Amino acid sequence: MEANIPKRKEPGKSLRIKVISMGNAEVGKSCIIKRYCEKRFVSKYLATIGIDYGVTKVQVRDREIKVNIFDMAGHPFFYEVRNEFYKDTQGVILVYDVGQKDSFDALDAWLAEMKQDLGPHGNMENIVFAVCANKIDCAKHRCVDESEGRLWAESKGFLYFETSAQTGEGISEMFQTFYVSIVDLCENGGKRPITNSSASFTKEQADSIRRIRNSKDSWDMLGVKPGASRDEVNKAYRKLAVLLHPDKCVAPGSEDAFKAVVNARTALLKNIK
Ligand code: GTP
Ligand code: MG
């Protein structure tokens, strides 16, 4: 008898999550949320005063997710208001403006602010971070390129997206992946699942790419003192070439860094007797 009864699919459990937005003032946090929730864009800047709160429901696999979104003001003036809201967060949308280097450089300070407010027992490892490199529609003003942003995000195990709240590019994809990752995390006992990208390159590779990118001349790029000998230049070159060779290194920006190192060595050897 029982064999004839159709198997009922177990309804997925509903889940309540808290998500916050973080990043400098005017980078587009509120616009990203508005674009996703209301499918529209407002070009006039209306600074968030303290915190804006909203609730939305999304479906992830067989689960209904109730999302509480706390959209934070980025202005330093609102620090006292923000610090109430960091705790019990499962997901952070961390935004910078690709045309404002300051807003990219400030990402570490945002993480530090959150860490400080969570206190010594707070754990950032069980939070999903989605980094949004926003305003990609303003290509002319872009000064933080994709590989630089991706390298920063992926070396921390964060998700990375290129977004435009104005055109909508990347926004749905970002939210979908973000929510799926949060559900995965909740189902994984609160531990961030290891992503392919975070495991695919080393800290040494990421640090070298960053150092090469920020170096002021060819000596600096190879990490040797000005006036170093041919041997010293070749030794430094070989070490970096092994570390960053495109066949071995998949870190964002490794190809450009490798080319820069090859060019630096050629330029230096030309002038060393
Ligand atoms: P605070 O609330 O002060 O922390 O700022 P915010 O990060 O919430 O910035 P908001 O979303 O209010 O956007 C700031 C300005 O940038 C507004 O004038 C928006 O119209 C504009 N803006 C936001 N996203 C984009 C985008 O993707 N492209 C372009 N071109 N402009 C954008
Ligand atoms: Mg805002």
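Residues numbered from 1 in each chain as written. Chains lettered and ligands numbered in written order. Predicted model: local features only at pLDDT ≥ 70, side-chain atom pairs only at ≥ 80, totals over all residues. Heavy atoms only, no water.

Trainee: A description of the overall build of the protein chain should follow, citing residues and the corresponding values.
Mentor: What the protein chain contains, in helices and strands, is eleven helices and six strands. Seen through its principal axes, the protein chain has C-alpha atoms that stretch 85 × 55 × 40 Å. Long-range contacts, defined as pairs at least 24 residues apart, comprise 72% of the intrachain contacts of the protein chain with a sequence gap of at least 6. Split by element, the accessible area of the protein chain, about 15600 Å² in all, is 51% carbon and sulfur. Distance from the positive charge centre (42 side chains) to the negative charge centre (37 side chains) of the protein chain: 2 Å. (Helix = DSSP H or I, 4+ residues; strand = E, 2+ residues; numbered from the N terminus. Contact = heavy atoms within 4.5 Å. Areas by Shrake-Rupley, 256 points an atom, 1.4 Å probe, with all protein chains shown as cover. Lys, Arg positive; Asp, Glu negative; His and termini not counted. Charge placed at Lys NZ, Arg CZ, Asp CG, Glu CD.)

Trainee: Account for the coordination of the magnesium ion (ligand 2), with residues named and values stated.
Mentor: In ideal tetrahedral geometry, four donors around a metal make angles of 109.5 degrees, whereas ideal octahedral geometry with six donors gives angles of 90 or 180 degrees. In the first shell of the magnesium ion (ligand 2), the protein supplies Ser30 (OG) and Thr48 (OG1), at 2.0 Å from the metal. Of this pair, serine 30 sits in helix H1 (residues 29-38) while threonine 48 sits in the loop between H1 and strand S2 (51-60), placing them 18 residues apart in sequence. For serine 30, a relative accessible area of 23% gives the class partly exposed. You can call threonine 48 buried: its relative accessible area is 11%. (Donors = N, O, S within 2.8 Å, 3.2 Å for Na, K, Ca; no water. Buried < 20%, exposed > 50% of the residue type's maximum accessible area, 1.4 Å probe, protein only.)

Trainee: Please provide a residue-by-residue account of unusual backbone geometry, values included.
Mentor: For residues that are not glycine, phi is negative in most cases, and the peptide bond is trans in most cases. For arginine 61, which is not glycine, the phi dihedral falls at a positive 50°. Summarising the element assignment, arginine 61 is placed in the loop between S2 and strand S3 (63-72). Take arginine 61: its relative accessible area is 48%, and that puts it in the partly exposed class. Positive phi, close to 60°, is recorded for aspartate 88, a residue that is not glycine. Aspartate 88 sits in the exposed class, given a relative accessible area of 60%.

Trainee: Can you lay out a positive patch on the surface for me, pointing to particular residues and giving the numbers?
Mentor: Residues Arg211, Lys235, Arg238 and Lys239 make up a contiguous surface patch of positive charge. Here lysine 235 shows up in helix H10 (residues 230-244). (Patch = residues over 30% accessible without salt bridge, like charges linked within 9 Å, V, L, I, M, F, W, Y side chains within 5 Å. Salt bridge = Lys/Arg side-chain N within 4 Å of Asp/Glu carboxyl O.)

Trainee: An account of the site of ligand 1 is needed here, citing residue identities and associated values.
Mentor: Around ligand 1 lies a shell of 25 residues, among which Lys29, Tyr45, Gly74, Asp137 and Ala165 are the nearest. One of the backbone nitrogen or oxygen atoms of glutamate 26 is found 2.9 Å away from an oxygen atom of ligand 1. In the environment of ligand 1, an oxygen atom lies 2.5 Å from a nitrogen or oxygen atom belonging to the side chain of tyrosine 45. Sorting elements by how many residues they give to the shell around ligand 1 places H1 first, with three residues. Within the shell around ligand 1, the residues separate by chemical class into eleven nonpolar, nine polar and five charged. (Near = heavy atom within 4 Å. Polar contact = N/O pair within 3.5 Å; in protein donor to acceptor, adjacent residues only side chain to side chain. Nonpolar A, V, L, I, M, F, W, Y, C, P; charged D, E, K, R; others polar.)

Trainee: Tell me about the UniProt feature "domain: J" (unreviewed entry) in the protein chain, and please be specific about residues and values.
Mentor: Under the feature "domain: J" (unreviewed entry), the UniProt entry names residues 217-273. Within the segment residues 217-273, helix and strand shares are 67% and 0% respectively, and the terminal C-alpha atoms sit 19 Å apart. (UniProt positions renumbered as here; feature names shortened; annotations may be inferred.)

Trainee: Go over helix H6 (residues 171-187) with me, naming the residues and quoting the values.
Mentor: For H6, built from 17 residues, the straight-helix expectation of 24 Å at 1.5 Å per residue is met to within 8% by its first-to-last C-alpha distance of 24 Å. Restricting attention to buried positions, one finds in H6 the residues Ile171, Met174, Phe175, Phe178, Tyr179, Ser181, Ile182, Val183 and Leu185. A positive backbone phi angle near 70° is found at glycine 189, which sits one or two residues after H6. (Expected span 1.5 Å × (residues − 1).)

Trainee: Residues and numbers for the packing of helix H5 (residues 146-154) against helix H8 (residues 203-213), please.
Mentor: In the contact formed by H5 and H8, the axes pass within 11 Å of each other and the chain directions differ by 145°. Relative to H8, H5 is oriented so that their crossing is left-handed. Mapping the contact onto sequence places Ser147, Glu148, Leu151 and Trp152 in H5 and Ala206, Ile209, Arg210 and Arg213 in H8. When the residues that make up the contact of H5 with H8 are grouped by side-chain class, the tally is four nonpolar, one polar and three charged. (Axes fitted to C-alpha atoms, helices over the stretch in contact; angles between N-to-C directions. Left-handed = near helix turned anticlockwise from the far one by under 90°.)

Trainee: Describe the domain arrangement of the protein chain, naming the residues involved and giving the relevant values.
Mentor: Entries for the protein chain in the domain assignment read domain 1 (13-186) and domain 2 (201-269). Between domain 1 and domain 2, the residue contacts involve eight residues of the former and eight residues of the latter. For the pair domain 1 and domain 2, the summed buried area comes to about 680 Å², and 64% of that belongs to carbon and sulfur atoms. Our enumeration of links across domain 1 and domain 2 arrives at one salt bridge. On inspection of domain 1 and its partner domain 2, the count reaches one residue pair in polar contact (both at pLDDT 80 or more). Residues belonging to the side of domain 1 that touches domain 2 are distributed by class as follows: two nonpolar, two polar and four charged. (Domains from an automatic or database assignment. Buried area = accessible area lost by both parts, 1.4 Å probe.)

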